[in-house]
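# A structural walkthrough
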Amino acid sequence: MPVKIHIKEQPKTFERFGAQWTPTIQVLDPDGTKRHQFEGFLPPDDFLGQLKLGLAHSAFARQQWKEAESRYDDIVKTLPDSDAAPEALYWAGVSRYKSSGDPTALQQTTEAFKIHYQGSTWAKKASVWAK
Amino acid sequence: MSIAWNKDVDAALAQARTAKRPLLIDFNAAPM
């Protein structure tokens, strides 16, 4: 459900949702809970990656682990050079762990970060899962 | 592909709840 809010037409809606800059994009759950937000103009792949992250985070928050994993994996596969990809790789591993209960999923994610996105914040976060 | 943007956030929230679909909000200041 896409909604466009212009600051001159609906300034109170900006306040209501905590939007403080333009452009601000928010992804909300069906119940209205905010799950993802980003500000500023982005190149197309990075913009798409952030939108997909929002949908994946929404699935994760609803504990739809398989859907979340699939959405995160899709970002890594289709937008590997986007800023969203390292975060998606991290959360794909967490989703696999959540659905299986198997800590191997986290260790495999640590190994994947040794090949991809080594310098990212997400690689540092995943490093604690090493065997 | 054109996007059918809604300007009524409460109507969109109601639709999202009914359809069980996420909501995307674009807060912007583009020239009108």
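Remember, it's a predicted structure, so these values are computed and weren't measured experimentally. (Residues numbered from 1 in each chain as written. Chains lettered and ligands numbered in written order. Predicted model: local features only at pLDDT ≥ 70, side-chain atom pairs only at ≥ 80, totals over all residues.)

### Focus: the overall build of chain A
Assigned secondary structure in chain A consists of 6 helices and 3 strands. The N-to-C order of helical and strand elements in chain A reads β-α-β-β-α-α-α-α-α. By its C-alpha atoms, chain A is 55 × 30 × 25 Å across when sized along the principal axes. Across chain A, the fraction of contacts at a sequence separation of at least 24, relative to all contacts at a separation of at least 6, is 40%. (Helix = DSSP H or I, 4+ residues; strand = E, 2+ residues; numbered from the N terminus. Contact = placed C-beta atoms within 7 Å.)

### Thoughts on the sheet that holds strand 1 (residues 23–28) of chain B
As a general point, the strands of a sheet are linked pairwise by backbone hydrogen bonds and lie either parallel or antiparallel. Reading across the sheet, the 4 strands line up as 1(A)-1(B)-2(A)-3(A) and stay open at both edges, with mixed pairing between neighbours. Edge positions in the open sheet fall to strand 1 (2–6) and strand 3 (34–39) of chain A, since each of these has one partner strand only. Within this sheet the neighbouring strands show an average axis-to-axis angle of 15°, counted without direction. Where strand 1 of chain A lies against strand 1 of chain B, 5 bridges are found, and the strand directions are parallel. (Pairing = 2+ DSSP bridges. Axes fitted to C-alpha atoms, helices over the stretch in contact; angles between N-to-C directions.)

### Observations concerning the packing of helix 2 (residues 44–61) of chain A against helix 4 (residues 84–100) of chain A
Residues and elements named next belong to chain A. In the contact formed by helix 2 and helix 4, the axes pass within 10 Å of each other and the chain directions differ by 20°. By the angle between their directions, the pair helix 2 and helix 4 is classed as roughly parallel. Here the hand of the crossing between helix 2 and helix 4 comes out left-handed. Note on element contacts: helix 4 touches helix 2 through Ala84, Ala85, Glu87, Ala88, Trp91 and Ser95, opposite Asp46, Gly49, Gln50, Lys52, Leu53, Ala56 and Phe60. Residue composition of the contact of helix 2 with helix 4, grouped by class: 7 nonpolar, 3 polar and 3 charged. (Parallel < 35°, antiparallel > 145°, perpendicular 65-115°, else oblique. Left-handed = near helix turned anticlockwise from the far one by under 90°. Nonpolar A, V, L, I, M, F, W, Y, C, P; charged D, E, K, R; others polar.)

### Overview of the interface of chain A and chain B
Taken together, the contacts link 25 residues of chain A with 22 residues of chain B. If you list the elements that add at least two residues to the side of chain A that touches chain B, you get strand 1, helix 1 (11–17), strand 2 (24–28) and helix 2 of chain A. In the side of chain A that touches chain B, the residues fall into 14 nonpolar, 7 polar and 4 charged.

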